[in-house]
Each structure stands twice: as C-alpha cells, then as structure tokens.
Amino acid sequence: MTESLWSGAELDLDAYLRRIGYDGSLRPTFDTLRALHRGHLAAIPFENLEIVLGRSVPLDVPTVQAKLVGQSRGGYCFEHNLLFAAVLERLGYSVTGLASRVRMGSDQRRATTHMLLRVDIAGEGWLADVGFGGDGPLEPIPLRTGVELRHGGWTFDLVEEAPGVFLLRSHRPDGWFDLHAFTLEPRYPVDYGLFNYYTSTHPRSPFTPRVIVQRNGPDVRRTLVGQELRTERPEGSVQRRDVPADELPTVLAKVFGIELDAQDARSIRDRHR
C-alpha cells in the first residue's frame, strides 16, 4: 500500500467538489488538474483573518477542510495547497511539495515561506499553486522555461535565473514582474509546519499586522490589504478605495464571499480600526 503523504484518505472529496462546483471527470489527467485548479481559485478566497484574530493556523486536513470547505472561508498558501495536495493525492496524481522565496517585484532575498506543488503527469512536470493570492496563476504552469502562458487576461512565464533556481513572472503593462523563486527540492508536511509557524506569528511577517484578502479571476483581481481595496484589470487599470472598519464585514461577504459570525465580525472590525 502506498504511503499517504498528503492525508488524502482524510478528505471528504464529495464536499470539496461541491465547494468548488466541479462535477467533471476525476481521472488523473491534465484536463482534470486544470479544471480543479481553476475551480478552487474561483470558489475559495485567499485570506489571513485567523492570524489577524490572533489564532493559530492548524494544517491537518480535517481542520483545513472544515474551514475552507465547510465554511464560507478561505486561507493562505499552506492551507490552500495542503488541501489541494490531499485532493490530488486522493485522485491518484503524483504530487511533490515545493517551497519558494516570494519576490513580488523586490530584489531583496527573503526567507522561504511560500508553498507550491509539483504534479507529474505522463512524464511532464506541472506547477500547481492555488494559494499564491491575487497575482498567482489561474492554471498549472508547465515546468519548462521559454513558454509564455495566457490565463484569461494575464500572462506568465518561467525562467531559470541560476542553475536549478526557477523564477515565476507575470507580465504587467510596464514589463515582467517577479513573483517568486524556487528550486525543485522536495518539501514535506513537517517543513510547512515550520514555515507556517513563522509566517503566522512573527511580527515581521506581512500576514500578522493587517488584513490581507485576495481573489483572482481571469479578467479582474481584487485585493484588500489593510484598509485599501484594490481592483486591477489586465490592461493595467487600477481602482482603489478605503474600507472603513464598519464596512469590513460587508466587503468581506460581498466582494470576497467570506461570511463571518457576529463575534468574529466584531473582532475583525476592532482590529481593522
């Protein structure tokens, strides 16, 4: 019996498929992977509200599933991609965990804090990442360089900037924008537990001091960072507006599909002031 690295046996697959609105083939093909990837991103937002509320972020499949699937909630990279890894493992895909250093246009060397997945299908490797947030790809990225890919209105490519170091970029009106850099060193759930603890608790982490909520679609990206709600379209237009604390629960529900109970809504308003 094959060892279950990603705890796929603990997953309620039917509930997950209902959550993302998918009723197609479950054969472990690229077409299935692409459809699941798109469906996950369309249904489940990126958010760090548990961190802002001062709570821990458990990474076991039952807890992540209860939050991202059972509630109208989202999560950040470790939650999204650990759940997706469990789904893919359950369906029979070959899944390897990877980790990267987030750039977001900066040339500063940052700690390894982002999780992504490698999925091998018929001898070809694909990057699957449903947890990068607003700037991330909508579909799997082929693990080869020199190919530009269009996902809706957005363009991506992969370059090898040093031997064994790959850089994922997105194209913006003013040129290529570095997203994150990674190697193909396999990572395991125990590694992500350590990365997650730092990212969710360290005062210098971007996720601890302020609300970050994002939703990524083929023709629009919506991002709430602190009090600024940003709406971006592929041609480069950007709309910004401030979200007062009293409006935050309504914006979370209407813009991002995140429903908070009354107590959490009060708490997140207080921390948003």
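The following paragraphs examine the structure supplied in this document. These numbers were taken from a predicted model, which means no experiment stands behind them. (Residues numbered from 1 in each chain as written. Predicted model: local features only at pLDDT ≥ 70, side-chain atom pairs only at ≥ 80, totals over all residues. Heavy atoms only, no water.)

Moving on, we come to the packing of aromatic side chains. On inspection of all chains with the given rule, the structure shows 8 aromatic pairs. Ring geometry for Trp6 and Tyr192: centres 6.4 Å apart, planes at 35°, overall tilted. Of this pair, Trp6 sits in the segment before helix 1 (13–20) while Tyr192 sits in helix 6 (residues 189–201), placing them 186 residues apart in sequence. Take Trp6 and Tyr192: they sit in the same class, and that class is buried. Centre to centre, the rings of Phe46 and Phe207 are 6.0 Å apart; their planes meet at 45°, and the pair counts as tilted. Of this pair, Phe46 sits in strand 1 (residues 46–47) while Phe207 sits in the loop between helix 6 and strand 10 (212–216), placing them 161 residues apart in sequence. Just as Phe46 is buried, Phe207 falls in that class too. An aromatic cluster of three or more residues is present, and its members are Trp6, Phe46, Tyr76, Phe78, Tyr192, Phe195 and Phe207. (Phe/Tyr/Trp six-rings, centres within 6.5 Å; stacked < 30°, edge-to-face > 60°. Helix = DSSP H or I, 4+ residues; strand = E, 2+ residues; numbered from the N terminus. Buried < 20%, exposed > 50% of the residue type's maximum accessible area, 1.4 Å probe, protein only.)

For Thr145, the position within the fold is in the loop between strand 5 (141–142) and strand 6 (149–151). In the structure, Thr145 is positioned 88 residues away from Val57 in sequence and 35 Å away in space, judged by C-alpha atoms.

Within the element layout of this structure, Leu229 appears in strand 12 (residues 228–232). Classification of Leu229 by relative accessible area gives buried; the value is 8%. Sequence-wise, Leu229 and Asp242 are 13 residues apart; in three dimensions their C-alpha atoms are separated by 6.1 Å. Aside from chain neighbours lying at most four places away, what touches Leu229 is Thr223, Leu224, Gln239, Arg240, Arg241, Val243, Val251 and Phe256. (Contact = heavy atoms within 4.5 Å.)

It is worth spelling out the nonpolar core at this point. Residues Tyr16, Leu33, Leu36, Phe78, Phe84 and Leu88 are the most contacted members of the largest nonpolar core, which totals 64 residues. Sort the elements by how many residues they give to this core and helix 5 (residues 77–91) lands first, with 10 residues. For Phe84, the residues in contact, after removing those within four places along its chain, are Tyr16, Leu33, Leu36, His37, His40, Leu117, Ala128 and Val130. Ranked by size, the runner-up nonpolar core spans 16 residues in total, among them Leu224, Phe256, Leu260 and Ala265. (Core = buried A, V, L, I, M, F, W, Y, C linked by side-chain atoms within 4.5 Å.)

Mapped onto the elements of the fold, Thr199 is located in helix 6. Taking the relative accessible area as the measure of exposure, Thr199 reaches 4% and is therefore buried. At a separation of 2.8 Å, a polar atom in the side chain of Thr199 contacts the main-chain carbonyl oxygen of Phe195. Those residues in contact with Thr199 that sit more than four places away from it in its chain are Tyr76, Phe78, Thr113, Ser205, Phe207 and Thr208. (Polar contact = N/O pair within 3.5 Å; in protein donor to acceptor, adjacent residues only side chain to side chain.)

The subject of this paragraph is the pattern of salt bridges. Tallied over the entire structure, the rule returns 18 salt bridges. With its nearest N and O atoms 3.5 Å apart, the salt bridge here joins Asp135 to Arg221. One end of the pair, Asp135, is in the loop between strand 4 (124–128) and strand 5; the other, Arg221, is in strand 11 (residues 221–225), and 86 residues separate them in sequence. With respect to class, Asp135 is no different from Arg221; both count as buried. (Salt bridge = Lys/Arg side-chain N within 4 Å of Asp/Glu carboxyl O.)

The next subject is the packing of helix 1 against helix 2 (residues 30–43). Remark: helix 1 packs on helix 2, axes separated minimally by 8 Å, with the N-to-C direction vectors making an angle of 70°. What the angle tells us is that helix 1 and helix 2 run roughly perpendicular. Of the residues in helix 2, those in contact with Tyr16, Leu17, Arg19 and Ile20 of helix 1 are Leu36, Gly39, His40 and Ala43. Looking at the contact of helix 1 with helix 2, its residues break down into 5 nonpolar, 2 polar and 1 charged. (Axes fitted to C-alpha atoms, helices over the stretch in contact; angles between N-to-C directions. Parallel < 35°, antiparallel > 145°, perpendicular 65-115°, else oblique. Nonpolar A, V, L, I, M, F, W, Y, C, P; charged D, E, K, R; others polar.)

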